[in-house]
Amino acid sequence: MSSKLTGFMDIERKNFSNRSISDRVKDFDSVNIPLTESEMMAQANRCMDCGTSFCNWGCPLGNLIPEWNDLVYIGDWEGAYHKLALTANFPEFTGRICPSLCEAACVLGVNRDAVSIREIEQSIVETAFENGWIQPRTPKVRTNKKIAVIGGGPSGLAAADDLNALGHRVTVYERELRVGGLMRYGIPNYKLDKSIIERRVDLMKAAGIIFVNGMKIGRDIKLETLSKEYDATIMACGTWVPRDLNIPGRDLKGIYFAVDYLSQQTKKYFGEKFEGEDLNAKDKVVLVIGGGDTGADCVGTANRQGAKKVYQFEILPKPLICRDESMPWPTYPKLYKSTTAHEEGCINEWEVATKEFLGKEGHLSGIRGIKVEWIKEKDDRYHLTELEGTGFEMDVDMVLIAAGFLHTEHDGFIGKSGISLDKSGNVSTDDKHMTSLKKVFAAGDMRTGQSLVVKAILDGKQAATNVDRFLMRCE
Ligand SMILES: Cc1cc2nc3c(=O)[nH]c(=O)nc-3n(C[C@H](O)[C@H](O)[C@H](O)COP(=O)(O)OP(=O)(O)OC[C@H]3O[C@@H](n4cnc5c(N)ncnc54)[C@H](O)[C@@H]3O)c2cc1C
């Protein structure tokens, strides 16, 4: 192995490989094949001890990346895990599905390939699990404070984990049969194997956290009841109201929201009951509307279900391949990403607007679309223009709308509670995460709007700190 100081010059970035396409589209098992221990040590050697670690700034959790890279490089995996665990509650989640804001900020990324930080993180935590270094965070002393967490997504789990470790008695209420939130019912199994979530939940249970699944607050228990019973309540219910595409023909059968489609697939995979019709892409021509990651997850899922052909349309222009002055290093750039799902078979089109859903006997049979262009006007903003003569029609059997989420659900307990909302329709809090109801806090996407797992974890952790201070009257 080359010396630490010149590792970044001597060693090329090498990523995890993937199972062959023909093999992986047959199942929902994990796509990635990790590198060996010595290969990962070499990758950690590419971290160049740059002095000002922008990766640490780029990571919302403030992970101590150069420190754990150095420990991996010298083969001290246990030391690396303990450094990682100082800031990250669930590195096994982020090590698999984080878009790696840290790598976008890596100094090496200025003119070379960034250090493969996310994969090093995954390797550290998996080595720690294999060696039994990860133990339940059971507190030595218990306070007499009881806290209810509503929602078992990453933010609720992070809040529960920290509050329990601080000695409080925590109960997580989850409406679904299993916790994990969008990590479980949105992100497909081939990107994040759900046994990874179970393994962490088992540790949290062993540490004393109580999970009450299949319990929907607002339907099975009132918020006021929880509020009376517990010293504090944290709501971490996410943003589950999808953005719709209200164009003619929207009421035809065969048009679904991405999150309904993806969550049903996960439920089927685990033999859970689901409501409504079976959403299956087998032998169908599928159009995914929305070019983001959720859309890519629909592409991968449709191919695994045996779709005849999969299209993905995005109304915005194709993102750039390299940074330009609008997204300078070390900010997170919006660049073109071809995912493993796209490699599996997908026709991608950018700058296409879907104008109408066409149908026969109440069922979707196709769409009418048009090519568009984004033109910068005098106000310096980009305006959409439809390109004359580019209108087209195509046959489609199934449409999946992956256009993001609007806000948290209002028709459940939130609507009845009178809790103040912000102008986007998410729960508004003060700077201590407290809502307009005393003793009731909010965290994660429900508070910040649609986001990322790593940011939801951070918000859950910050809410936990604020609840602890509130209960222990530190402020
Ligand atoms: C398809 C898809 C793919 C994504 N891929 C990625 C990715 O690759 N990387 C990434 O970083 N981010 C990704 N995200 C975003 C990420 O999953 C979310 O930002 C994150 O899960 C938000 O966490 P949360 O805990 O705030 O909310 P959620 O994950 O939404 O969890 C909220 C939980 O609250 C529960 N709940 C809601 N109402 C009630 C109630 N009344 N009673 C009890 N429980 C309730 C829900 O069932 C859910 O379990 C993706 C999102 C989607 C939709």
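Anything mentioned here points back to the structure above.
Please read all numbers here as calculations on a predicted model, not as lab measurements. (Residues numbered from 1 in each chain as written. Predicted model: local features only at pLDDT ≥ 70, side-chain atom pairs only at ≥ 80, totals over all residues.)

Points about the environment of Asp445
Inspection of the secondary structure assignment puts Asp445 in helix H18 (residues 445-448). The buried category is assigned to Asp445, around which 28 C-beta atoms lie within 10 Å. A C-alpha to C-alpha distance of 8.4 Å links Asp445 and His407, two positions 38 residues apart in sequence. Each residue touching Asp445, except ones within four places of it in the same chain, is listed here: Gly238, Thr239, Gln450, Ser451 and Ala456. (Helix = DSSP H or I, 4+ residues; strand = E, 2+ residues; numbered from the N terminus. Buried ≥ 20, exposed ≤ 12 C-beta atoms within 10 Å, placed from the backbone. Contact = placed C-beta atoms within 7 Å.)

Overview of the sheet that holds strand S4 (residues 169-174)
With respect to topology, five strands assemble into an open sheet ordered S5-S4-S3-S6-S18, the strand pairing being parallel. Of all strands in the sheet, those bounded by a partner on one side alone are strand S5 (210-213) and strand S18 (440-442). With strand direction ignored, the average angle separating the axes of adjacent strands in the sheet is 20 degrees. Pairing geometry for strand S3 (residues 146-150) and strand S6 (residues 232-235), over four bridges, is parallel. Its bridge partner lying in S6, Ile150 is registered against Met235. Contacts between helix H10 (residues 154-165) and the sheet are confined to S3, S4 and S6, with S4 contributing the most and set at about 165 degrees to the helix. Sheet strands in contact with helix H19 (residues 453-471) are S3, S6 and S18, and its direction is about 165 degrees off that of S6. (Pairing = 2+ DSSP bridges. Axes fitted to C-alpha atoms, helices over the stretch in contact; angles between N-to-C directions.)

What to know about the site of the ligand
Neighbouring the ligand are 40 residues, the closest being Gly151, Gly153, Gly181, Gly238 and Gly444. For the shell around the ligand, the secondary structure elements donating two or more residues are H10, S4, helix H11 (182-185), helix H14 (258-269), helix H15 (293-305), H18 and H19. Partitioning the shell around the ligand into residue classes produces 20 nonpolar, 13 polar and seven charged. (Near = placed C-beta within 6 Å. Nonpolar A, V, L, I, M, F, W, Y, C, P; charged D, E, K, R; others polar.)

Overview of H19
Taking 1.5 Å per residue, 19 residues should reach 27 Å; H19 reaches 27 Å between its end C-alpha atoms and fits that length. The set of residues buried in H19 consists of Val453, Val454, Ala456, Ile457, Leu458, Asp459, Gly460, Lys461, Ala463, Ala464, Asn466 and Val467. Where H19 ends, the next residue or the one after it, Arg473, has phi of about 50 degrees, a positive value. (Expected span 1.5 Å × (residues − 1).)

Some details on the sheet that holds strand S10 (residues 309-314)
Taking strand neighbours across the sheet as the criterion, the five strands line up as S8-S16-S9-S10-S11 in an open arrangement whose pairing is parallel. Two strands lie at the open edges of the sheet, namely strand S8 (255-257) and strand S11 (347-350), each paired on one side alone. Across this sheet, the average inter-strand angle for adjacent strands is 20 degrees, counted without regard to direction. The pairing of strand S9 (residues 285-289) with S10 spans five bridges and is classified as parallel. In the sheet register, Leu287 faces S10, and the bridge partner there is Tyr311. Against the sheet, H14 engages S8 and strand S16 (398-401), with an angle of about 80 degrees to S8.

Notes on the packing of helix H6 (residues 77-85) against helix H9 (residues 117-130)
At a minimum axis separation of 9 Å, H6 and H9 run at an interaxial angle of 110 degrees. Here H6 is positioned roughly perpendicular relative to H9, judged by the angle of their axes. Contact residues: H6 offers Trp77, Ala80, Tyr81 and Leu84, while H9 offers Glu121, Ile124, Val125, Thr127 and Ala128. Here the contact of H6 with H9 is composed, by residue class, of seven nonpolar, one polar and one charged. (Parallel < 35°, antiparallel > 145°, perpendicular 65-115°, else oblique.)

Considerations on the packing of helix H5 (residues 65-73) against H6
Interhelical geometry of H5 versus H6 gives an angle of 165 degrees and a closest axis separation of 7 Å. It follows that H5 is roughly antiparallel to H6 by the angle criterion. When the axes of H5 and H6 are compared, the crossing they make is left-handed. For the pair H5 and H6, contact is made by Glu67, Trp68, Leu71 and Val72 and by Trp77, Gly79, Ala80, Lys83 and Leu84, respectively. Partitioning the contact of H5 with H6 into residue classes produces six nonpolar, one polar and two charged. (Left-handed = near helix turned anticlockwise from the far one by under 90°.)

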